[in-house]
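Examining the three-dimensional arrangement
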Amino acid sequence: MGIVEIDDPADERVRDYVGLTDVALRRRREPAEGLFIAEGEMVIDRARRAGYRPRSLLVGPSKLALVPDDLDPGIPVYLAGPDVLATITGFEVHRGALASMCRRPLIPLGDVLDTADRILVCEDIVSHTNLGAIFRSAAGLGMDAVLLSPRCADPLYRRSVRVSMGEVFAVPYARIDPWPAALSLLMDHGFAVVALTPSPDAVALDEFSARPYEKLALLLGSEGPGLTRAALEAATIQVRIPMANGVDSLNVAATAAIACYALGRPMTAR
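So, here's what we can say about the structure. Just so it is clear, the structure is predicted and the values come from calculations on it, not from any experiment.

Points about the overall build of the protein
Secondary structure summary: the protein contains ten helices and twelve strands in total. The C-alpha radius of gyration computed for the protein amounts to 20 Å, which stays within 12% of the reference 18 Å derived for 270 residues, consistent with globular compactness. Seen along its three principal axes, the alpha-carbon backbone of the protein occupies a region of about 60 × 35 × 35 Å. When burial is assessed residue by residue, the protein has 50% of its 270 residues classed as buried. Long-range pairs, those at least 24 residues apart, make up 75% of the contacts in the protein between residues at least 6 apart in sequence. Of the roughly 12500 Å² of accessible surface on the protein, 52% is carried by carbon and sulfur atoms. Of note, the protein has its 28 positive side-chain charges centred 1 Å away from the centre of its 34 negative side-chain charges.

Right, dumping it as structure tokens:
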């Protein structure tokens, strides 16, 4: 194992880990440089098992013994004390272990549509927390893939990965562009595009779930404003989750969980 002690937070060798709390910086750097950050032993292990290759690891002394024995000896393991770690990353690294991982090319949209029959489609979901929760629901509740509009957050951003408990590595995803015109491609592949909306004119979810559809794409809108008018008009049908006590709607991640449970592949097929 190539252990390298880091005493200087400005050491160029740990540049991948600088400013992890600076969202704007990480949005610019990570996709452009072909990397993402996995935080914590479990997430690092999930990423490696999913086929993502580490560029390096950055660990505190208490986590050094947990570095995988089968790690390629050419991958550096940087060792730093808590104060140096905090200065490099911008926060106290309570999990004690970070890995800079190599991204992989995005799956072509056509490949996703050819192999899936239950898809979540996200329009402008910019919250990394909500996006991570959506991926976890997709993985656990019978969805085959996730499609992201051009303005959606990066599912491999550290917070999304952490909230998903590493399930972003288990669910195939692709970008869908131009938006929303490309939704017609889903219909060409036999999908019913289901817009989830609080509109009182929409079909109730329990009623819709009783209808037989071979392929479904569940369309989720951004936090707050929900789906744009253009996306609603591009959908095959609008569906609502009935609400009580005057509550208008649910958080988008909660909506995704309920819709996935109701409309995902049957439990016997999962």
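Here's the deal with the sheet that holds strand E1 (residues 2–5)
Across the sheet, five strands lie side by side as E1-E4-E3-E5-E2; this open sheet has mixed pairing. Strands at the two margins of the open sheet, each flanked by one partner only, are E1 and strand E2 (35–39). Taking the axes of each pair of neighbouring strands and ignoring which way they run, one obtains an average angle of 20° across the sheet.

Let's talk about the pattern of salt bridges
Once their charged atoms are close, side chains differing in charge can pair, the charge on each being opposite to the other. Tallied over the full model, the rule gives 15 salt bridges. A salt bridge links Asp 16 to Arg 55, with the shortest nitrogen-to-oxygen separation between them at 2.9 Å. Linking Asp 16 in the loop between E1 and helix H1 (23–33) with Arg 55 in strand E3 (residues 54–59), this pair joins segments that are 39 residues apart in sequence. One salt bridge in this structure joins Glu 207 and Arg 211, with 3.2 Å as the shortest N-O distance. For Glu 207, a relative accessible area of 45% gives the class partly exposed. Among the charged side chains, a salt-bridge network with shared partners connects Arg 15, Asp 16, Arg 29, Glu 33 and Arg 55.

Observations regarding the environment of Pro 242
Within the secondary structure layout, Pro 242 lies in the loop between strand E12 (237–240) and helix H10 (252–263). Expressed as a C-alpha distance, the spacing of Pro 242 and Pro 200, which sit 42 residues apart in the sequence, is 8.8 Å. Residues contacting Pro 242, with those up to four places away along its chain left out, are Ala 204 and Leu 205.

Overview of the environment of Asp 144
Relative to the elements of secondary structure, Asp 144 occurs in the loop between helix H5 (128–140) and strand E7 (145–148). Residues Asp 144 and Arg 49 lie 95 residues apart in sequence; the distance between their C-alpha atoms is 19 Å. Not counting chain neighbours up to four residues away, the residues in contact with Asp 144 comprise Ala 116, Asp 117, Arg 118, Val 171, Pro 172 and Arg 265.

What to know about helix H2 (residues 41–49)
Restricting attention to buried positions, one finds in H2 the residues Val 43, Ile 44, Arg 46 and Ala 47. The buried residues of H2 occupy one face: seen down the axis, they fall within an arc of 160°. Taken together, the buried residues of H2 touch E2, strand E5 (97–102) and helix H6 (158–163). At the C-terminal side of H2, Gly 51 shows a positive phi close to 100°.

Comments concerning the packing of aromatic side chains
Inspection of every chain in the model, using the stated rule, returns five aromatic pairs. Here Phe 135 and Tyr 173 contribute two aromatic rings whose centre-to-centre distance is 5.7 Å and whose plane-to-plane angle is 90°, an arrangement assigned as edge-to-face. Placement of Phe 135 in helix H5 and of Tyr 173 in strand E8 (residues 173–175) is noted, with a sequence separation of 38 residues between them. Here the two residues Phe 135 and Tyr 173 agree in accessibility, since each one is buried. Site record: aromatic cluster; members linked through ring pairs are Phe 36, Tyr 52 and Phe 169. Here Arg 104 stacks its cationic end above the ring of Tyr 52, 4.1 Å away from the centre of that ring.

Examining the packing of H5 against H10
For the pair H5 and H10, interaxial distance at closest approach is 9 Å and the crossing angle is 10°. Classified by the angle their axes make, H5 and H10 are roughly parallel. The residues of H10 that touch H5, namely those facing Asn 130, Ala 133, Ile 134, Ser 137 and Ala 138, are Val 252, Ala 253, Ala 256, Ala 257 and Cys 260. Grouping the constituent residues of the contact of H5 with H10 by class yields eight nonpolar, two polar and no charged.

Section: the nonpolar core
Ranked by size, the top nonpolar core spans 52 residues in total, and within it Leu 120, Cys 122, Val 146, Phe 169 and Leu 218 carry the most contacts. In terms of residue count, the dominant contributor to this core is H10 (five residues). Setting aside chain neighbours within four positions, we find Cys 122 in contact with Leu 131, Ile 134, Val 146, Leu 147, Leu 148, Ser 149, Cys 152 and Leu 220. Counting residues in hydrophobic clusters, the runner-up holds 21 residues, among them Ala 116, Leu 183, Val 193 and Leu 219.

Criteria and thresholds
- Counting restarts for each chain, with residues numbered from 1 along the sequence as it is written.
- Note on the predicted model: pLDDT of at least 70 is required for a residue's local features to be given, and 80 or more for side-chain atom pairs to be given and counted; whole-chain, interface and lining totals, by contrast, use all residues.
- Excluded from the side-chain calculations are hydrogens and water; all other atoms, namely the structure's heavy atoms, are used.
- A run of H or I in DSSP becomes a helix once it reaches four residues, and a run of E becomes a strand once it reaches two; helices and strands are each numbered from the N terminus.
- Values of the radius of gyration come from C-alpha atoms, whereas the globule rule sets the reference at 2.2 Å times the count of residues to the power 0.38.
- Relative accessibility under 20% of the residue-type maximum defines a buried residue, over 50% an exposed one, and the middle range a partly exposed one, all with a 1.4 Å probe and only protein chains included.
- Contact between two residues is taken to exist if any of their heavy atoms lie within 4.5 Å; hydrogens are not considered.
- Note on areas: Shrake-Rupley, 1.4 Å probe, and residue coverage restricted to the protein chains presented here.
- The convention is simple: Lys and Arg are positive, Asp and Glu are negative, and His and the chain ends are not counted.
- Positions of charges follow a simple convention, taking NZ of Lys, CZ of Arg, CG of Asp or CD of Glu.
- Any two strands with at least two DSSP bridges between them are considered paired.
- Lines fitted to C-alpha atoms define the axes here, with helix axes fitted over just the stretch in contact, and angles between the N-to-C directions of these axes take values from 0 to 180 degrees.
- The working definition used for a salt bridge is a side-chain nitrogen of Lys or Arg within 4 Å of a carboxyl oxygen of Asp or Glu.
- Of all possible arcs, the one meant is that of the directions from the helix axis to the C-beta atoms.
- Pairing of aromatic side chains here covers Phe, Tyr and the six-membered ring of Trp, requires ring centres within 6.5 Å, and sorts the geometry by plane angle: under 30 degrees stacked, over 60 edge-to-face, intermediate tilted.
- A ring is scored as having a charge over it whenever the NZ atom of a lysine or the CZ atom of an arginine sits within 6 Å of its centre and within 35 degrees of its normal.
- Put simply, angles under 35 degrees are roughly parallel, angles over 145 are roughly antiparallel, angles from 65 to 115 are roughly perpendicular, and the rest are oblique.
- Residues are grouped as follows: Ala, Val, Leu, Ile, Met, Phe, Trp, Tyr, Cys and Pro are nonpolar; Asp, Glu, Lys and Arg are charged; every other residue, Gly included, is polar.
- Only buried Ala, Val, Leu, Ile, Met, Phe, Trp, Tyr and Cys residues count toward a nonpolar core, and they belong to the same one when joined by side-chain atoms within 4.5 Å.

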